[in-house]
Amino acid sequence: MGYVRWIIFLMFWGGIAAVLHYTLPQYDVVRIVNTYEERIELNDWTRAFWSRPDAQSAAVQNRDVQFIQAVRPNGDAIVYRNEDTGWSWPPYFKFDTANLYTQANDAISTKDAPEWVAIRHYGWRSQFLTVFPNAVSLSDVAAPEVKPRNWFNIIFLIGFSAVAWAVWVRWRRFRIRRVEPIVEHIEDDLWAAGNALRDRRNRLREWFRR
């Protein structure tokens, strides 16, 4: 029973951690090398990883998506999609895809004369699933070592931890005061019923022996 409890515990908090890691904003310092537009098919289960800024996204089978190709300071390649989120989840309320696309084109640079930018994004990059993080905004940085401090995540995680702690403390108090006495009462009743059943069974066996 203890293993099942730990499995449920790990699955619950692992799911929450995955949702937060996918949804919360992150910063990457990169050098933009190209931008392009490609028609993407949305007819499989990976549709969940693409933005749904309007109700029509649930019905269309494909659409044109803008992409931003970049290179990290260590030379690794990274590709971002550039989609509006609209009023849907996650709540970034992004409506400036065209402006961001223009900024990205203006920031294109070469290896010999690099221009570094910090791209604020959410989501994951998976080559196997063909999933791309969604760029939300970009800003110039002086050097690849300079990375904006993610104050939103710091404040959010502190607040989330405080709320989770408060809920756990209140649940623990409620369990001690209300749930555990009921459970103990039920266990006592079951124990008494079991003892009575065993006594009757023993008396019945003794009667048959006689």
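See the structure above.
Note that this is a predicted model, so its numbers are computed, not measured.

Asks: Before we move on, could you go through the packing of aromatic side chains and cite the residues and values that matter?
Replies: For the coordinates displayed, the defined rule picks out 12 aromatic pairs. One aromatic cluster in this structure is built from Y22, Y92, Y122 and W124.

Asks: Which residues make up the nonpolar core, and what values do they have?
Replies: With 13 residues, the main nonpolar core has V30, I32, Y80 and I119 as its most contacted residues. Mapped onto this core, the elements with two or more residues apiece are β1 (26-41), β2 (62-71), β3 (77-82), α2 (97-106), β4 (116-122) and β5 (134-140). Each residue touching Y80, except ones within four places of it in the same chain, is listed here: D28, V30, Q66, F67, I68, A70, I119, H121, F132, P133 and A135. One finds L42, F67, V79 and F132 within the second-largest nonpolar core, a separate group that totals 7 residues.

Asks: Account for α2, naming residues and giving values.
Replies: Buried within α2 are the following residues: T97, L100, Y101 and A104. The buried residues of α2 occupy an angular sector of 105° when the element is viewed end-on, so they sit on one face. Opposite the packed face of α2, turned more than 90 degrees from it, sit the exposed residues A98, N99, T102 and D106. The secondary structure elements touched by the buried residues of α2 are β1, β2, β3 and β5.

Asks: Could you give an account of the pattern of salt bridges, with specific residues and numbers?
Replies: Applying the stated criterion across every chain, the model contains 4 salt bridges. Linking D64 and R39 is a salt bridge whose minimum nitrogen-to-oxygen distance equals 3.2 Å. Taken together, the positions of D64 in strand β2 and R39 in strand β1 put the pair 25 residues apart, joining distant regions of the chain. Of the charged contacts, one joins E83 and R63 as a salt bridge, the two residues approaching to 2.7 Å between their closest N and O atoms. Placement of E83 in the loop between β3 and α2 and of R63 in strand β2 is noted, with a sequence separation of 20 residues between them. For the pair E83 and R63, one class covers both residues: buried.

Asks: Break down the side chain of T35 for me, citing the residues and quoting the values.
Replies: For T35, the location among the structural elements is in strand β1. Given the relative accessible area of 9%, T35 is considered buried. A polar atom in the side chain of T35 sits 2.6 Å from the side chain of N105. In this view, T35 contacts F67, I68, Y101, A104, N105 and I108; residues no more than four positions away in its chain are not counted.

Asks: Just give me the short version of the pairing of β3, but keep the residues and values in it.
Replies: Taken across its 6 residues, β3 has 5 buried, putting it largely inside the fold. By the bridge criterion, 6 bridges tie β2 to β3 in an arrangement that is antiparallel. Paired with V71 across the strands is A77, a residue of β3. As consecutive antiparallel partners, β2 and β3 are separated by 5 residues, and within that stretch G75 has a phi angle of approximately 95°, a positive value.

About the cut-offs
Residues numbered from 1 in each chain as written. Predicted model: local features only at pLDDT ≥ 70, side-chain atom pairs only at ≥ 80, totals over all residues. Heavy atoms only, no water. Phe/Tyr/Trp six-rings, centres within 6.5 Å; stacked < 30°, edge-to-face > 60°. Core = buried A, V, L, I, M, F, W, Y, C linked by side-chain atoms within 4.5 Å. Buried < 20%, exposed > 50% of the residue type's maximum accessible area, 1.4 Å probe, protein only. Helix = DSSP H or I, 4+ residues; strand = E, 2+ residues; numbered from the N terminus. Contact = heavy atoms within 4.5 Å. Arc of directions from axis to C-beta. Salt bridge = Lys/Arg side-chain N within 4 Å of Asp/Glu carboxyl O. Polar contact = N/O pair within 3.5 Å; in protein donor to acceptor, adjacent residues only side chain to side chain. Pairing = 2+ DSSP bridges.

These figures capture arrangement, not role.
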